[in-house]
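Structural overview
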Amino acid sequence: MERTTASATRLTRRAAFSLGGGLALSIPAFRRLRAAETLFVNTWGGPWERAAAKHLFEPFTRETGADIRPVSPVSFAKLAAQVRSGAYEFDVTTLGLAELVRAHRANLLESLDSLKDRVNWRGGLYLNGVASHAFATVLAWNQQKYGDAPRTWKDFWDLARFPGSRCLQRYAARVLPIALAGDGVPTDKLYPLDIERAFRALDRIKPSLRVWWTQGQQSAQLLRDGEVDMIGIWHGRVIELMDDNKPVTMTWEGGQIDRAYWVVARGTPRRDLARRFVEAAVQPERLAGFCKEALYGPLNPNSFAYVSEADAVRMPTSPQNYPKVFEQDIENFGGDVTQVTSRFERWVGA
Amino acid sequence: MRAVASPATGDAGFAVPAARGTWRPWLLVAPLLAFLAAFFLVPLGQVLVMSVTDPEPGFGHFVAIATDGFFLRVLAQTFATALLVAVLTLLLGFPLAYAMAEAGPRMAALMMVLVTMSFWTSFLVRTYAWMVILGKSGPIAWLSATLLGGAPPELLFTRFSSTLAMVHILIPYMVLSLYAALRRIEPAVLRSAASLGAPPVSVFRHVILPLAAPGVVNGLTLVFVLCLGFYVTPVLIGSPREQMIAGVIGHQVEEFLAFGEASALSVVLLASTMIVLGVYHRRFGLDRLWG
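Residues numbered from 1 in each chain as written. Chains lettered and ligands numbered in written order. Predicted model: local features only at pLDDT ≥ 70, side-chain atom pairs only at ≥ 80, totals over all residues. Heavy atoms only, no water.

1. Overview of empty space enclosed by the protein
Residues and elements named next belong to chain B.
- Applying the stated criterion to the full structure yields 2 cavities of 30 Å³ or more.
- Quantified by volume, the largest cavity comes out at close to 50 Å³.
- If you trace the largest cavity, you find it lined by Thr81, Arg159, Ser162, Thr163, Met166, Pro234, Glu242 and Met244.
- Considering every element that reaches the lining of the largest cavity, the biggest residue donor is helix H8 (residues 159-183), with 4 residues.
- Among the residues making up the lining of the largest cavity, the classes are represented as 3 nonpolar, 3 polar and 2 charged. (1 Å grid on protein atoms, 1.4 Å probe; cavity = no way out; pocket = protein on both sides within 12 Å on 5 of 7 lines; lining within 4 Å. Points joined across faces, edges and corners; volume = space filled by probe spheres on them. Helix = DSSP H or I, 4+ residues; strand = E, 2+ residues; numbered from the N terminus. Nonpolar A, V, L, I, M, F, W, Y, C, P; charged D, E, K, R; others polar.)

What follows is the structure in C-alpha cells.
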C-alpha cells in the first residue's frame with residue numbers, strides 16, 4: 001500500500017509483458033531507479049512495443065538503471081512540433097529513410113557522430129540516424145482468388161490475367177517505384193524514378209485501386225477480410241496472417257526495403273542517455289531478438305549470428321532473401337519528394 | 001418562447017447578487033473561462049497566427065487555397081456532403097421524431113433510449129461497426145450472395161458507405177431537435193384543425209410543419225455544422241476520391257508538415273462554420289440552437 005505511483009505503473013507494465021521472473025527482477029531494479037533518469041521512447045505500440053520492451057528496453061534498464069517510458073503513436077509531425085515548442089514527449093524515435101532525409105534537412109535531429117566507432121558497418125550511421133532494422137513492402141494476395149499464381153509487380157498491373165481489386169499504401173515514395181516495377185522496369189534500374197511513367201502506370205490500374213491503406217493494421221484487415229484481392233503490404237503483416245492460417249500468401253520478389261533508423265530529437269535534455277540507448281538498441285544479439293519477435297530484418301549484419309535458418313527466411317535482409325528485394329534510394333529519387341507527394345495526393349483524390 | 005425567470009419575479013435568493021453588482025456571478029464561470037482560454041482560445045489563436053506567418057508572413061496560403069482547384073473541389077465536396085447528410089437525417093429523422101412525440105410515455109422513453117444509446121457510443125466504434133456490416137464478409141454481402149448469387153457488392157470505400165455512416169452518427173442530433181419542437185405542439189391545436197374538417201395531410205402541411213419548422217432548422221444547422229468537420233469516418237470508409245476538408249488538413253500536417261497551409265485550411269473551415277452559425281443567429285438566435 002505504501003508503493004508510490006511510479007512503482008505501481010512499473011509493476012503493471014511488467015505484468016502486462018507477462019515475463020517469467022520479471023516481477024522479481026523489477027523490485028531491486030526499481031530501487032535503483034528511484035533517483036534514476038527516465039527516457040521517453042516513441043513506439044508503434046502493440047506487438048512492436050512488446051518486442052522492443054523485451055529485447056531492447058529491459059536489457060538497457062538492467063544495464064544502466066534508467067527507466068524507459070514508451071510513448072505512442074509514432075508521429076513525424078510530433079517530432080517536428082516538439083523541436084519547435086521545446087516540450088519533449090519523446091526523446092528517441094525511429095524514422096524511415098524518407099522521413100530521416102526530411103528530418104535531417106529540417107534540422108530536427110541530434111548529432112550521433114559520437115557513435116561512429118561503434119556503429120561501424122556499412123550504412124550503419126547515416127544523416128544522424130542509426131540503421132537498425134528493415135521491413136519490406138511486398139506483393140501479397142488472396143490465395144482463394146489467385147492460388148499461387150502472381151509472381152511480380154507486373155502481375156499486380158495485369159488486370160486481364162488477374163482481375164480483381166487492388167490496394168497500395170497511400171505513400172508516394174513507396175508507391176512510385178512499385179508502379180515502375182509493375183510497368184516492367186527492372187528493380188535495379190528504378191532510380192532515379194521516371195515520375196511521369198510511374199503516374200501513367202498508376203492511371204492504368206486506378207479503377208481497381210478501391211482503397212488506399214494508411215495504417216498497418218488496416219492493410220492486414222483489408223487482405224484478411226477479402227476486401228481487396230491483391231495488395232502491396234508490409235511483409236510482417238502478411239507473415240502474421242499466414243502464421244494464423246489465413247488464405248493469403250506473398251512473394252519476396254520485388255519487395256521494397258524500408259530501413260528504420262533510430263534518431264534522437266534535437267534539443268532534448270536527455271540527449272546523452274538517448275545516445276546510449278540508440279547504441280545499445282543495435283547491439284547484435286538484442287537487435288536479433290527484437291527482429292525475430294517483431295518480424296523485421298536486422299540491418300546490423302552481425303545480428304545474423306544469432307538468427308536461425310528458420311527465422312532468416314522470414315527476414316527481408318537475410319542472405320537468402322536480400323537478392324530478391326530492392327532498396328529505396330531517396331537521395332537519387334528523381335524529383336523533389338515533397339512535390340511528388342503533393343502531386344500523388346492530388347492524383348489519389350481526383 | 002421559453003419562460004425565463006426574471007430577477008424581479010424569480011426566487012429572491014438568486015435575485016440579490018444581480019442587484020448588488022454584476023461581477024460576482026462571473027466568479028462561477030471563471031474556472032471554465034480560464035480552461036477555455038488556456039486550452040481552446042490560445043491554441044486557436046496560434047492556428048490563426050500560423051496561417052499567416054508559417055513559413056513566411058503574408059496571406060499566401062489563402063491565395064493558394066482560393067486559386068487551387070484541388071482545395072476548392074475538396075471544400076465544395078465537403079459542403080455538398082454536409083448538405084446531403086443534413087437533408088437525409090431530416091428525411092429519416094422526421095418520422096421517428098414524430099412517432100416519438102405521438103407515442104405514449106413508456107414507448108417514447110424506449111425510443112429515446114434507443115436513439116441516445118447510439119448517441120453515446122463512440123463514433124469510431126460506430127464507424128468500425130459499419131465496416132463490419134458493409135464488408136465483404138459481412139451480413140449484407142452474405143445476404144446478397146445467398147439471395148442473388150454472384151460476387152458480393154462492393155459497398156465499402158464509396159460515397160454511399162461514408163454518407164450512410166455519417167447519417168447514422170448524426171441522426172440523433174436531428175431527432176432530438178425535431179422531437180423538442182414536435183413535443184411543444186399543443187394536441188388541442190391538431191384536434192381543432194381536424195374538427196374544422198382538415199384531412200390529416202392538410203393538418204400536417206398547414207399545422208405541424210410550420211410549428212415544427214424551428215426544430216427542422218435547428219437540426220439541419222447542427223448536423224450540417226458537425227458534418228463539415230468530420231474526419232475519421234470519411235477517412236476510414238469513404239472513397240479516396242471524395243475527401244472532406246478535415247482529412248486533407250490532417251494529411252497536410254502528417255504528410256507535408258505544412259503547418260501554415262493546414263492552419264489556413266482550418267481557418268477557412270472555421271470561418272465557413274461561423275458564417276453558417278452567423279446566418280442562423282441573425283435569423284433565429286443562437287441561444288435556441290440546442291432546443
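2. Side note on helix H10 (residues 200-228) of chain B
- For H10 of chain B, spanning 29 residues, the distance from its first C-alpha to its last is only 37 Å, which falls clearly below the expected 42 Å at 1.5 Å a residue.
- Of all bends in H10 of chain B, the biggest is about 50°, found at alanine 213 of chain B, and the proline proline 214 of chain B comes one to four residues later. (Expected span 1.5 Å × (residues − 1). Bend = angle between axes of the 7 residues up to and from the residue.)

3. Re the packing of aromatic side chains
All names here are of chain B.
- One pass over the full model with this rule turns up 26 aromatic pairs over all chains.
- Their ring planes at 50° and their centres at 5.0 Å tell us that phenylalanine 35 and phenylalanine 39 sit as a pair that is tilted. With phenylalanine 35 and phenylalanine 39 both in helix H2 (residues 24-53) and 4 residues apart, the pair spans about one turn of that helix.
- We classify phenylalanine 35 as partly exposed; its relative accessible area is 49%. (Phe/Tyr/Trp six-rings, centres within 6.5 Å; stacked < 30°, edge-to-face > 60°. Buried < 20%, exposed > 50% of the residue type's maximum accessible area, 1.4 Å probe, protein only.)

4. What about helix H11 (residues 235-243) of chain A?
Residues and elements named next belong to chain A.
- Restricting attention to buried positions, one finds in H11 the residues His235, Gly236, Val238, Ile239 and Leu241.
- Against the buried residues of H11 lie strand S5 (129-142), helix H10 (216-224), strand S8 (230-234) and strand S9 (248-264).
- Immediately downstream of H11, the backbone of asparagine 245 shows phi near 60°, a positive value. (Contact = heavy atoms within 4.5 Å.)

5. Focus on the domain arrangement of chain B
- Taken as a whole, chain B is organised into domain 1 (11-43) and domain 2 (69-187 + 215-291).
- Here domain 1 of chain B and domain 2 of chain B have C-alpha centroids that lie 34 Å from each other. (Domains from an automatic or database assignment.)

6. Considering the environment of methionine 230 of chain A
All names here are of chain A.
- If you trace the backbone, methionine 230 turns up in strand S8.
- For methionine 230, a relative accessible area of 0% gives the class buried.
- Sequence-wise, methionine 230 and leucine 295 are 65 residues apart; in three dimensions their C-alpha atoms are separated by 21 Å.
- In this view, methionine 230 contacts Leu139, Ala140, Trp141, Tyr146, Pro150, Asp155, Phe156, Phe162, Ser165, Arg166 and Cys167; residues no more than four positions away in its chain are not counted.

7. Some points on the nonpolar core
- Judged by nonpolar contacts, the single largest core of 130 residues is most densely connected at Leu202, Trp262, Phe277 and Phe290 of chain A.
- Among the elements that take part in this core, S5 of chain A stands out by supplying 9 residues, more than any other.
- Listed in part, the 47 residues of the second largest apolar core include Phe71, Phe94, Val175 and Phe230 of chain B. (Core = buried A, V, L, I, M, F, W, Y, C linked by side-chain atoms within 4.5 Å.)

8. Thoughts on the packing of helix H4 (residues 69-102) of chain B against H8 of chain B
All names here are of chain B.
- Closest axis-to-axis distance for the H4/H8 pair is 6 Å, and the angle between their directions is 45°. On the basis of the axis angle, H4 is oblique to H8. Helix-helix and strand crossings are classified by hand; for H4 and H8 the assignment is right-handed.
- Grouping the amino acids of the contact of H4 with H8 by side-chain chemistry returns 21 nonpolar, 5 polar and 2 charged. (Axes fitted to C-alpha atoms, helices over the stretch in contact; angles between N-to-C directions. Parallel < 35°, antiparallel > 145°, perpendicular 65-115°, else oblique. Left-handed = near helix turned anticlockwise from the far one by under 90°.)

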